[in-house]
Amino acid sequence: MTPINRRDLLGHMGSGLGAMAMAELLNAEGLLKNDQIKIDPGAPHAARNPHFKPRARNVVVIFCSGALSHIDSFDYKPELIKHHDTPLPGSDGLLTFQGANGNLQQPLYPFRPRGECGKMTSELLPHIGELSDDLCYIHSLHTKTATHGPGENCMSTGYILDGFPSMGAWATYALGSENSNLPAFVAIPDPRGVPQSSLNNWGSGFLPAAFQGTPFNAATPVRNLNRPSGISEKEDLATRAFLQTLNKEHLKRYAGDTEMAARISSYEMAARMQLSVPEVTNFSSEPLHIRKLYGTDDPNVLKAGFARNCLLARRLIERGVRFVQLFNGAYAMGEGKGNWDGHKQLKTDYDIHGPILDQPAAALIRDLKQRGLLEETLVVLCTEFGRMPTFQEGTKGRDHNPSGFTAILAGAGVKAPFTHGSTDEFGWKAALDPVSVHDFHATILHLLGLDHTRLTYYHNGLKRRLTDVHGHIVEPILS
Amino acid sequence: MHLQRFLWIMPGALLAPSSACLIQETGPMVDFGQEVAPVLAAHCYRCHGPEKQKMGLRLDQKAAAFLGGDSGEPGIVPANSARSELFRRISIPDELDRMPPDGEPLSGEEIALIKRWIDEGAAWEDDGSEKMEETPHWSFQPLGDPTSPLSDDPWVASPIDGYVLARLRQGELEPSSEADRVSLIRRLYLDLHGLLPTPKQVDKFIRDNREDAWGRLVDEALASPRYGERWAQHWLDVVQYADSHGFEMNNPRPNAYPYRDYVIKAFNSDTPYNQFILEQLAGDSVGKDAATGFLVTGAWDQVESKEPAYTALQRQDELTAMVNTTGTAFLGLTLGCARCHNHKFDPVPQRDFYAMTAVFAGVQHGERPLYSKEDAIRLSKQLEISAEIEDLRNELPSLRPAISSSRNLERFKPIRARAVRMRIHSTNSAEPCIDELEVWSNETNVALTATPSSSGDYANNPKHKLEHINDGQLGNPRSWISNKPGSGWIQLDLSEPAIIDRVVWGRDRLQRFEDRTPTNYTIEVSAVPGQWTIVSGSQDRLPFGTQGGKATASLNSHELTSHIAEAEERQRALMVTPSAMVYAGKLRQPGPTYRLYRGDVMEKREIVAPDTLSALGRLDLPLDAPEQERRVALALGIASPANPLTPRVMANRIWHHHFGTGIVSTPGDFGTNGGTPSHPELLDWLARQFIQDGWSVKALHRTILLSNTYRQTSSPNTAGLARDAETRLLWRFPPRRLEAEVIRDCILQLSGCLDLSMGGAGFSTFEPNDNYVRVYIPKESLGPAEWRRMVYMHKVRMERAPLFGSFDLPDAGQVCPKRNQSTTAIQALNLFNGTFVIDQAKRMASFLKTSGGDPVDVAYRSAYGRPPNATESSTARSFITEESLVAFCRAILNSNELVFLP
């Protein structure tokens, strides 16, 4: 059902008893009471106004799949180093996801101050650390689950279960897009494959399919974008024109029906996408120094692949795409091999993954900044949960830790340099100013000019929200 | 608040005060009116009084105060302040939880006063609130018995039309004229079958001048097996059916399909809806095992964690999905809300949710054997014999003979095994020694080909080695000894799984040694890696060294033993192998179900008996009611004609799929947060009619399809569009884009490729893969194996079906009573450029060429049900000359006239 608001309804229907009777019916159905957004079926991605003046117009999420260890990257804990190889206090009989834990383990990469602000970050991700003057660290995130799939669901949709709309779907449902020739919401999977929770991360759940993220990256194009092989351009164009003749003929019998008109315009939009998507994935116009900044031609092919995805993200943002979700890490290769899930030999795994993420992601932030795009773009670097300050018993890796982890925000509307909240002295549990995933989402929506309690969609008995019935804006981080 | 209903639950709580007075202590009792009420008024009424009831709590009325707020915790439990949420929240040390949240806290004296008042029995004069009754929400009210209006109007052909016309006139609208016959037959076939009528069928209908031509066409269409394939899909959406488990591993669920086939069959054979409910909730009680696939259609998180709280949460999520699906599918209620607190909108207290949970508590995700009817009879006979054998065994002397150092026989019920393990917990001396461990399957010692392993072996002694344990050679010189004094285990992994029924072992069968003999041990069998079942052990033997236990040699027990052997023989003769497995839940007797405080699995509260919603009555089952009985009772309650929700919800569902929007626009939610009916009397009339027709779904279709309302044209008119653009009042038949399945099946039909074979395992459009977490990559090209109807296409949870996934296919992550209808450029790209469509366009072109007629004419007739007019024909012809017939077909397959229901 297309949502309606009262003003539009009365405006469209003119006056008269019939119109009022209809309004009464809808009112009785409860459809006027809610804040559901009116979507024009002919242009579901038309730009729409936020609830209030936004700080950010668009969002890039860099999602580190597999649970990036905050202990070894951004969350500096001197006490952990001091108490290295002693038992974690309060962990008697503690069983985490994979079982028992050994002693405390100091970070596997040394920390040192970075940026003018002197933020302590580790050698694992030095390029990102060097940007600390532009970053806002949240060290006190916590989530509801210690399993990857549900954890990614939670970080991307607010629910640990399958089937709920992703943050990008909510954002584009609310705001549409500034570019009518590109998808409003693009998910860029890692060159190595898709993350644990795969499509859930960019699915539309029960929102209309129009708000699904469109997955493609610099290496894999949008499915079915191109003219099918064996069909000439001339035939393709002529067929499209002939189809529109058929459709316009049919429309004569349904004059005034928006759904049918919408389907006609969807083919026009598709034709525009056929031109604009190849343009955005063609980097030939990017100068050498930019390609070098990202590392798009790095001899490490995995790093170069991710770098090209980062560059693609900037080009999409530049063109007004509302929401870009960039994945670092893929699941199918197995635990820790292609992602941040360092259970058994964390250092060996992270020595591979660190360089893939570090320079390209840092370059994206730098590049957005030097183009002035960071002023209206929010960059989010996150993961599904953290890792334990201990090694798992009998291993050289860390188990899952949903009780405390770090995310980074940068850009529009966010204080920088800034650090919010902290974990306990060893980095186990969020201690000072804990931030739930719902709080995190509420804050991101707030920066987009959206009130998370008003951004709702009726589904099966409830006005659903990204933040369920929770969420408080993390005010201290707002600039 | 619906006070009336809660009072059924807590009569004890309300009666208690008077009896509590009997145990009065010294001193005068606290007076509620004089002493307690003023305290409550001063501190609490502002948020929990007549004006506001925050969190659903009201403290100025007796019934509501005793009941408590949304959390489901009882507010006041007479004589038990510790269990009374009121007392807990005013006295809790944690400031965040303590009431009142701001303003003056209660003084120590006031808190003590309230505590004393509660512990004395919480005497509160009857204020009449217990008898206060609110009118229940419309959907809970009994079905009305309305008379259809305007029956004299010439447009009114059925009571449906009377209700619709009356409502239209209220909105100053008139119905539209009847649709042309081409539109009618296409509408009917696309609606009922999800396929196009053939040009022949169209011609026949156009030429049928009989008065009842339409009625005949409807009957014909309802009798076709294509009907069940189409309408089963609607039901499968609601119950979130999929052929994979979902979550991150998303492994295939290869034996889910018997449930899908069951649903198709049920629609085709017009299984009465009340029977359909019973079969899905408790089909195992009526020989319809596949039907209970319903219970486990939800996603299943297979990731195992070592964290007990998380494991409990996973289980609770599974049970919630069962309760939720049942609520949405049959009752149109969103019960999941009550997992954490009393339902905010509907009369569902939190306790009800856990009562429903208790009904399903014995259902686990997994497969069960699918037995034929004959098999089921054999099985029940087998069970009888089992009981007989059990009785005979009980007559045997209770303890087996003492352990012997030479030879011990362990006999047990035949069991499937991949591995056998003997665990030794103590010996008569030193490290245990076993000379041979035999494992018997019929007359074969399957140990001989097994691979041995142990807890540790005696070092450096050629006589005592691990490989001696199953080398077939008896006696001390070829034996195994553990490396630990008094304990150890020895395991045999069989070369292939076998049904085994006995193990034989000894310390030294050559009888030279009696030391090192196990005196406490267990024999365990494993069929699934990591899961062990104890099948025998020392626990039922006389202690080592005792001389007794010879009783088994007595004549009596010989007789018994032979009776047992004979009964076992009869049982074996009745052995059935299941014809197949079905993902329909593993069923077993559950333990108690607890209400969970705020839904937290670690916060168990009182035990809850299995029951239906209190608003629908009571099942009166004991706490330990047999598993199956719980589900049967729930099903009968849901399908009772006294329950007005069930027929209303189903009648509305059917209406929803015929007209695109239900009389209630939220087909899965009939609660106060759902829609109110646009035509309430019509809904009740349909629901009544449905029951009168013996819950026949086909009869309900017929009633609707024969109305003039259904047969109106779908062309718009200005008055209608201006006043009711959404067509909620049905001034025309609402046209709409067809679903993914219909578009795909019609394409295959037009290319002549559609394979109409029914049922079975179905097909996948993804490349096979066996990664431990599945990665679904679409097949590059599809062939005849993928040309069956889409209802047989493997539904991969959360994964978009190639090409058609963009057409609002539900993802089976949550229940889907109603699909979205969106229009996107990605849909256009997929349908215009997708390999499948391009390939089908080529096939359609070849098909047209072999049809014998003019290709343009045949294409229009097949796709649109009509011939082209002169202009259309000449435009098409010149396009084909200029481009190709294939290009023409590609355009037809993408056209609005094909993909919109007329």
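Residues numbered from 1 in each chain as written. Chains lettered and ligands numbered in written order. Predicted model: local features only at pLDDT ≥ 70, side-chain atom pairs only at ≥ 80, totals over all residues.

A. Seen up close, the domain arrangement of chain A. Residues and elements named next belong to chain A. When cut into domains, chain A gives domain 1 (1-33), domain 2 (41-218 + 283-477) and domain 3 (221-282). Inter-centroid distance (C-alpha atoms) of domain 2 to domain 3 is 36 Å. Taken together, the contacts link 15 residues of domain 2 with 15 residues of domain 3. Counting residues per element, the side of domain 2 that touches domain 3 draws most heavily on helix 10 (residues 301-318), which supplies 3 residues. Each residue belonging to the side of domain 2 that touches domain 3 can be placed in one class, and the counts come to 8 nonpolar, 5 polar and 2 charged. (Domains from an automatic or database assignment. Contact = placed C-beta atoms within 7 Å. Helix = DSSP H or I, 4+ residues; strand = E, 2+ residues; numbered from the N terminus. Nonpolar A, V, L, I, M, F, W, Y, C, P; charged D, E, K, R; others polar.)

B. Structural detail: the pairing of strand 9 (residues 377-383) of chain A. All names here are of chain A. Extensive coverage of strand 9 is indicated by the burial of 7 of its 7 residues. Taking every second residue as pointing to the same face, both faces of strand 9 are buried, with Thr377, Val379, Leu381 and Thr383 on one and Leu378, Val380 and Cys382 on the other. Sheet analysis places strand 9 next to strand 13 (residues 405-411), joined by 4 bridges and oriented antiparallel. Each bridged residue has a counterpart across the sheet, and for Leu378 the counterpart in strand 13 is Gly411. (Buried ≥ 20, exposed ≤ 12 C-beta atoms within 10 Å, placed from the backbone. Pairing = 2+ DSSP bridges.)

C. Representation of the pairing of strand 11 (residues 531-537) of chain B. All names here are of chain B. Across 5 bridges, the pairing between strand 10 (residues 518-528) and strand 11 is antiparallel. Paired with Ile523 across the two strands is Ser536, which belongs to strand 11. Linking strand 10 to strand 11, which pair antiparallel, is a turn of 2 residues; within it Gly530 sits at a positive phi near 90 degrees.

D. Structural detail: helix 9 (residues 181-192) of chain B. Residue and element names in this part refer to chain B. Under the 1.5 Å per step criterion, the end-to-end length of helix 9 is 16 Å for 12 residues, consistent within 8% with the ideal 16 Å. Counting buried positions along helix 9 yields 10 of 12 residues, so the element is predominantly enclosed. Among all positions in helix 9, only Ser183, Leu184, Ile185, Arg186, Arg187, Leu188, Tyr189, Leu190, Asp191 and Leu192 are buried. Just beyond helix 9, the residue with positive phi is Gly194, at close to 70 degrees. (Expected span 1.5 Å × (residues − 1).)

E. Region of interest: the packing of helix 9 of chain B against helix 11 (residues 213-223) of chain B. All names here are of chain B. Running from amino to carboxyl end, helix 9 crosses helix 11 at an angle of 25 degrees, the nearest separation of the two axes being 10 Å. Judged by the angle between their axes, helix 9 and helix 11 are roughly parallel. As helix 9 runs across helix 11, the sense of the crossing is right-handed. On helix 11, the residues that touch Ile185, Leu188, Tyr189 and Leu192 of helix 9 are Leu217, Val218, Ala221 and Leu222. Its residues assigned to classes, the contact of helix 9 with helix 11 shows 8 nonpolar, no polar and no charged. (Axes fitted to C-alpha atoms, helices over the stretch in contact; angles between N-to-C directions. Parallel < 35°, antiparallel > 145°, perpendicular 65-115°, else oblique. Left-handed = near helix turned anticlockwise from the far one by under 90°.)

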